[in-house]
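Residues per chain, in single letters:
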Amino acid sequence: MTFWRNIARLAARRVDDAECPDCPAGLPGEDPAFSTAVTALGAKLAKSDGRADHQEFDAFSVVFQPDPGSERNVRRLYDLARQTSLGFESYARRLSKRYRGCPQLLEDVLDGLFHIAASDGAVTQDELDYLERVSDLFGLSRLTLRRLKATHLGAGAEDPYVVLGVLPDAPDAELRAEWKRQLSSAHPDRARARGLPEDFIAVAEAKAASINAAFDTAMRERRSLRLEGAA
């Protein structure tokens, strides 16, 4: 099963995402415009850090598996597109316009591009800038981008979503519920009620403060993103 068939089948299991009358009929893998845009984006990503080697094409082939009959043409297009990173925005815009009703499919494409960027063991700032720009052109939220970055590159221990144990693009209600659950569990009064020594109560107080700070940071970031989106 090719990548394109795979993500189309995945989208079909998500009823809301599959109901996209604006999307072209048929599977993405049977759409030449989709295949061309994805190949060009993968190739130009490989060039965005100033070099493009066979390792990155191998990673591209693992994620975006071309049909055996079209593999030679895909490689030819890839080699042509990777000569320069210029022009990637037009491919991203074209793909976004064509599949604007299928946000999950666009997210899966970005997910695959992250895999290619990380294939050589390091993701450069130029590659991150490229991926962030593609995400913006796809119309994906900053929180979705943050989740994908954390999935492929890891997240720091101080990241508020790591502290709270929720995905960066989880709904506000889920974020708030988890904050309340953790805060209730870590509350110093519970430690006192269990008769724990003062040292344990101090630890509980520090943990509760960390949970509150993480929630405040996450909500502040979300308010800022909403204001940016409304501007």
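Residues numbered from 1 in each chain as written. Predicted model: local features only at pLDDT ≥ 70, side-chain atom pairs only at ≥ 80, totals over all residues. Heavy atoms only, no water.

Peer 1: I'd like a rundown of the packing of aromatic side chains, residues and numbers included.
Peer 2: Going through the model one piece at a time under the given rule, you end up with 2 aromatic pairs. Seen from their ring centres, W179 and F215 are 4.0 Å apart, and the 5° between their planes marks the pair as stacked. With W179 in helix α11 (residues 172-186) and F215 in helix α13 (residues 198-230), this residue pair connects regions lying 36 residues apart in the sequence. Over the ring of Y91 we find R94; its NZ or CZ atom is 4.8 Å from the centre of that ring. (Phe/Tyr/Trp six-rings, centres within 6.5 Å; stacked < 30°, edge-to-face > 60°. Helix = DSSP H or I, 4+ residues; strand = E, 2+ residues; numbered from the N terminus. Lys NZ or Arg CZ within 6 Å of the ring centre and 35° of its normal.)

Peer 1: So what's going on with the packing of helix α8 (residues 125-138) against helix α9 (residues 142-153)? Which residues, and what values?
Peer 2: Contact geometry of α8 with α9 gives a least axis separation of 10 Å together with a crossing angle of 145°. With respect to the hand of their crossing, α8 and α9 are arranged in right-handed fashion. Touching L128, L131, E132, S135 and D136 of α8 are R142, L145, K149 and L153, all from α9. Grouping the constituent residues of the contact of α8 with α9 by class yields 4 nonpolar, 1 polar and 4 charged. (Axes fitted to C-alpha atoms, helices over the stretch in contact; angles between N-to-C directions. Left-handed = near helix turned anticlockwise from the far one by under 90°. Contact = heavy atoms within 4.5 Å. Nonpolar A, V, L, I, M, F, W, Y, C, P; charged D, E, K, R; others polar.)

Peer 1: Report on the pattern of salt bridges, specifying residues and quantitative values.
Peer 2: What the rule picks out here adds up to 11 salt bridges. In this structure, K149 engages E132 in a salt bridge whose closest nitrogen and oxygen atoms are separated by 3.4 Å. Of the two residues, K149 sits in helix α9 while E132 sits in helix α8, which places them 17 residues apart along the sequence. Close ionic contact of R142 with D136 constitutes a salt bridge, the shortest N to O distance being 3.6 Å. A single network of salt bridges, built from pairs that share partners, joins E107, R147 and D169. (Salt bridge = Lys/Arg side-chain N within 4 Å of Asp/Glu carboxyl O.)

Distances and angles like these do not, on their own, reveal function.
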